[in-house]
Amino acid sequence: MDDEIGEDPVILPKTKLNFKIFYPKENQGHCFGINSIAIRDRSNTIYSAGRDSSIQIWDLKEKEGKFEGKGILGSHTHWVNDIALVGQHQENLVSCSSDCTIKIWNLDEKKHEESDSVENSVQNRSESTEKKSSSETTLRKYHVDYVKSLAYAHKKSAIFSAGLDSNIYLWDIQKGFIPILHIAFPSNKKKSIYCLSTNETGNLLLSGSSERILSVWDIRSNSHEKIMKLKGRGASCSQETRP
């Protein structure tokens with residue numbers, strides 16, 4: 001009796017599309033993975049943030065089938081995990097990094113100075129805020145672990161940040177990026193936060209953790225309590241709401 005042999009599986013052809021951005025100068029461009037991208041419509045510019053600690057700037061106008069590099073923002077010392085363009089005219093770029101800092105770049109003032117300029121402290125700000133150049137401000141000593149995500153509420157003119165230290169901060173952009181809100185998980189329930197999202201008014205905030213938990217926060221309440229928690233179990237989620 002002949003052995004029964006099943007039909008061969010149908011293998012569909014794969015189509016792989018690659019689109020490579022070329023940097024015009026030798027030994028420039030990202031050396032490792034890219035974590036985040038932002039497009040500034042006003043100047044037809046792309047900003048890309050990578051694991052090589054740099055933010056690369058690209059001209060969106062294609063020339064001979066390539067995007068040309070316009071410069072580099074390179075003063076982070078670890079992975080740049082997320083970037084966001086903020087302000088009425090997208091005049092500021094905010095970046096967060098695994099070096100535990102948040103940086104604000106004034107794109108209208110900056111012509112992308114060399115990253116080795118001398119750091120000067122700012123007298124009218126706290127020691128947790130430093131300026132490296134006329135267009136770059138560094139926020140440090142707030143997050144104590146990797147800063148992983150940003151979420152911009154443009155109608156509130158504020159931006160959230162969060163990371164592996166289980167802390168969420170809200171920064172007032174119009175007042176010079178000062179912290180106006182701090183949310184911290186209880187010490188016995190700390191969770192690494194990997195992603196954030198908010199609505200345009202900044203009244204509702206969602207945070208995602210490595211424990212498959214999506215937390216929903218009501219920023220309007222005085223206590224800024226978590227109003228809902230979605231817990232993932234495999235492919236399903238359960239919902240817990242505040243009593």
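Residues numbered from 1 in each chain as written. Predicted model: local features only at pLDDT ≥ 70, side-chain atom pairs only at ≥ 80, totals over all residues. Heavy atoms only, no water.

(A) Looking closely at the overall build of the protein. Tallying secondary structure elements over the protein gives 0 helices and 19 strands in all. Looking at the protein residue by residue over its 243 residues, the buried ones come to 45%. A separation threshold of at least 6 residues defines the contact pool for the protein, and within that pool the share at least 24 residues apart is 39%. As presented, the protein carries roughly 14600 Å² of accessible surface, and 48% of it is formed by carbon and sulfur atoms. (Helix = DSSP H or I, 4+ residues; strand = E, 2+ residues; numbered from the N terminus. Buried < 20%, exposed > 50% of the residue type's maximum accessible area, 1.4 Å probe, protein only. Contact = heavy atoms within 4.5 Å. Areas by Shrake-Rupley, 256 points an atom, 1.4 Å probe, with all protein chains shown as cover.)

(B) Quick look at the nonpolar core. Grouped together as the largest cluster of nonpolar side chains are 15 residues, with contacts concentrated most on V86, V94, I102, I159, W171 and F177. Those elements that provide at least two residues to this core are β5 (80-86), β6 (92-97), β7 (102-106), β11 (147-153) and β13 (167-172). The next biggest cluster of nonpolar side chains, apart from the first, holds 14 residues, and it includes A162, I168, I183 and F185. (Core = buried A, V, L, I, M, F, W, Y, C linked by side-chain atoms within 4.5 Å.)

(C) Broad picture of the environment of A38. As for its position among the elements, A38 is in strand β1 (residues 34-40). Separated by 47 residues in the primary sequence, A38 and L85 have C-alpha atoms spaced 6.8 Å apart. Other than its neighbours up to four places away in sequence, A38 contacts T45, I46, Y47, I83 and L85.

(D) The pairing of β11, seen in detail. Across the 7 residues of β11, 6 count as buried, placing the element largely inside the fold. The pairing of β11 with strand β12 (residues 158-163) spans 6 bridges and is classified as antiparallel. In the sheet register, Y152 faces β12, and the bridge partner there is I159. Count of turn residues in the β11/β12 antiparallel hairpin: 4 residues, of which S157 carries a positive phi of about 55°. (Pairing = 2+ DSSP bridges.)

(E) Spotlight on the environment of I213. Along the chain, the position of I213 falls in strand β17 (residues 213-218). Accessibility expressed as a relative area gives 10% for I213, which makes it buried. I213 sits 16 residues away from K229 along the chain, and the two C-alpha atoms are 6.7 Å apart. Excluding residues that lie within four positions of it along the chain, I213 makes contacts with K191, S207, G208, K229, L230 and K231.

(F) Looking closely at the sheet that holds strand β14 (residues 178-184). Spatial strand order, β11-β12-β13-β14: 4 strands in an open sheet with antiparallel pairing. Because the sheet does not close on itself, it has two edges, and the strands there are β11 and β14. The mean angle between the axes of side-by-side strands here comes to 20°, regardless of whether they run parallel or antiparallel. (Axes fitted to C-alpha atoms, helices over the stretch in contact; angles between N-to-C directions.)

(G) The sheet that holds strand β2 (residues 45-50), seen in detail. Ordered in space as β1-β2-β3-β4, the 4 strands form an open sheet in which the pairing is antiparallel. Pairing within the sheet leaves two strands with one partner each, and these edge strands are β1 and β4 (69-73). For this sheet, the mean angle separating the axes of adjacent strands, direction not counted, is 20°. Taken together, the 6 bridges between β1 and β2 define a ladder with antiparallel strand orientation. Note that in β2 the partner of A38 across the bridge is Y47.

(H) Quick peek at the pattern of salt bridges. Counting across every chain of the model gives 4 salt bridges. Between E136 and K103 there is a salt bridge; the shortest N-O distance is 3.2 Å. Taken as a pair, E136 in strand β10 (residues 136-139) and K103 in strand β7 lie far apart in primary sequence, 33 residues in all. Overall, K103 belongs to the buried group, its relative accessible area being 3%. (Salt bridge = Lys/Arg side-chain N within 4 Å of Asp/Glu carboxyl O.)

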